[in-house]
Amino acid sequence: SQTIHQWPATLVQPVGSPLSLECTVEGTSNPNLYWYRQAAGRGLQLLFYSVGIGQISSEVPQNLSASRPQDRQFILSSKKLLLSDSGFYLCAWRLAGNNEQFFGPGTRLTVL
Amino acid sequence: AQSVTQLDSHVSVSEGTPVLLRCNYSSSYSPSLFWYVQHPNKGLQLLLKYTSAATLVKGINGFEAEFKKSETSFHLTKPSAHMSDAAEYFCVVSDNVSGTYKYIFGTGTRLKVLA
């Protein structure tokens, strides 16, 4: 069966520090991968999605970037964190031909 | 463009009474619609989904939703609320037009269940 992992589960970082959040999927090949953010008191917003290795689409301009170095690995990064980057980050995967997405457990990021 | 509107940001019900969480959608095409539940600091769990089959969709934990094209609605219901149902609920439409199948989320409804 397929599983999706995210780490770390929680992270507290100072403003201006770098960020790297990792998401990996097991038990499937060629998944479509997604990064969402849930800011406090707001709904979920799609940040990035990827249909294959090295293929990244950005949904909104922001202080973050994403990379997909391997088929089942999706990384969310920042060179310098802002206070507004605080939130709950969710990774999701989907198989081509299926419109249902499966979500990871999330990472709670607090920028101080 | 596709969108979803969750009409209530907060809903409170007494344990054992019915639950109704409202969702309206906008889509130029036959939509795929989902309801997810999120407990505090947890990921999203799929409750149910509509993908153009039966209009009455049954999900987990006694939840169901009815797709009404004439009303562009996909309201979530449960006959009897349980304390464990207290959580945030998201109505979602999938963007099947652009080929990305990205999710467009409603702003969420926080359900409170009173003892």
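Remember, it's a predicted structure, so these values are computed and weren't measured experimentally.

Rules behind the numbers
Residues numbered from 1 in each chain as written. Chains lettered and ligands numbered in written order. Predicted model: local features only at pLDDT ≥ 70, side-chain atom pairs only at ≥ 80, totals over all residues. Heavy atoms only, no water. Pairing = 2+ DSSP bridges. Helix = DSSP H or I, 4+ residues; strand = E, 2+ residues; numbered from the N terminus. Axes fitted to C-alpha atoms, helices over the stretch in contact; angles between N-to-C directions. Contact = heavy atoms within 4.5 Å. Buried area = accessible area lost by both parts, 1.4 Å probe. Salt bridge = Lys/Arg side-chain N within 4 Å of Asp/Glu carboxyl O. Polar contact = N/O pair within 3.5 Å; in protein donor to acceptor, adjacent residues only side chain to side chain. Buried < 20%, exposed > 50% of the residue type's maximum accessible area, 1.4 Å probe, protein only. Lys, Arg positive; Asp, Glu negative; His and termini not counted. Phe/Tyr/Trp six-rings, centres within 6.5 Å; stacked < 30°, edge-to-face > 60°.

A. Spatial organisation of the sheet that holds strand E1 (residues 3-7) of chain A. Residue and element names in this part refer to chain A. With antiparallel pairing, four strands are arranged side by side in an open sheet as E1-E3-E8-E7. The two strands at the open ends of the sheet, each matched to only one other strand, are E1 and strand E7 (65-70). Taken over all neighbouring pairs, the strand axes of this sheet differ in orientation by 20° on average, direction set aside. Sheet analysis places E1 next to strand E3 (residues 19-26), joined by five bridges and oriented antiparallel. Directly across from Trp7, in E3, lies its bridge partner Glu22.

B. Summary view of the interface of chain B and chain A. Each side of the interface is counted separately: chain B has 23 residues, and chain A has 18 residues. Between chain B and chain A lies a buried interface of about 1600 Å² when both sides are counted; carbon and sulfur atoms form 53% of it. On the chain B side of the contact with chain A, Tyr101(B), Lys102(B) and Tyr103(B) bury the most area, a combined 29% of that side's loss. Our count for the contact surface shared by chain B and chain A stands at two salt bridges. A salt bridge links Glu59(A) to Lys102(B), with the nearest nitrogen and oxygen atoms 2.7 Å apart. Taken together, chain B and chain A are joined by eight residue pairs in polar contact (both at pLDDT 80 or more). Taken together, the elements giving at least two residues each to the side of chain B that touches chain A come down to strand E5 (32-38), strand E6 (44-50), strand E10 (87-94) and strand E11 (103-105) of chain B. If one sorts the elements of the side of chain B that touches chain A by residue count, E5(B) sits on top with four residues.

C. Here's a closer look at the side chain of Thr107(A). All names here are of chain A. One can find Thr107 in strand E11 (residues 107-111). Using a relative accessible area of 0% as the deciding quantity, one classes Thr107 as buried. For Thr107, the side chain forms a polar contact with the main-chain oxygen of Pro8, separated by 2.5 Å. Not counting residues up to four positions away in its chain, the partners in contact with Thr107 are Gln6, Trp7, Pro8, Ala9, Leu21, Gly87, Phe88 and Tyr89.

D. Local environment of the side chain of Arg94(A). Structurally, Arg94(A) is set in strand E9 (residues 87-94). Buried and unpaired, Arg94(A) has no salt bridge, with Asp95(B) as the nearest side chain of opposite charge at 10 Å. Engagement of the side chain of Arg94(A) in a polar contact is seen with the side chain of Tyr34(A), the distance being 2.9 Å. A polar side-chain atom of Arg94(A) sits 2.9 Å from the main-chain carbonyl oxygen of Asn98(A). Dropping the residues within four chain positions of it, Arg94(A) is found in contact with Pro31(A), Asn32(A), Tyr34(A), Asn99(A), Glu100(A), Gln101(A), Gly99(B), Thr100(B) and Tyr101(B).

E. The arrangement of the pairing of E6(B) in detail. All names here are of chain B. Here E5 runs beside E6; their pairing, made up of six bridges, is antiparallel. When the sheet's bridge partners are listed, Tyr36 is paired in E6 with Leu46. Once E5 ends, the chain turns through five residues before running back antiparallel as E6, passing Asn41 with a positive phi of about 55°.

F. Molecular detail of the packing of aromatic side chains. Applying the stated criterion to the full structure yields 18 aromatic pairs over all chains. Aromatic side chains Tyr50(B) and Phe67(B) sit 4.1 Å apart centroid to centroid with 15° between the ring planes, which places their arrangement in the stacked category. Taken together, the residues Tyr50(B) in strand E6 and Phe67(B) in strand E8 (residues 64-68) connect sequence positions 17 residues apart. Aromatic side chains Phe90(B) and Phe105(B) sit 6.0 Å apart centroid to centroid with 85° between the ring planes, which places their arrangement in the edge-to-face category. With Phe90(B) in strand E10 and Phe105(B) in strand E11, this residue pair connects regions lying 15 residues apart in the sequence. Its relative accessible area of 0% is what places Phe90(B) among the buried residues. An aromatic cluster of three or more residues is present, and its members are Tyr34(A), Tyr36(A), Tyr49(A), Phe103(A), Phe34(B), Tyr36(B), Phe90(B), Tyr103(B) and Phe105(B).

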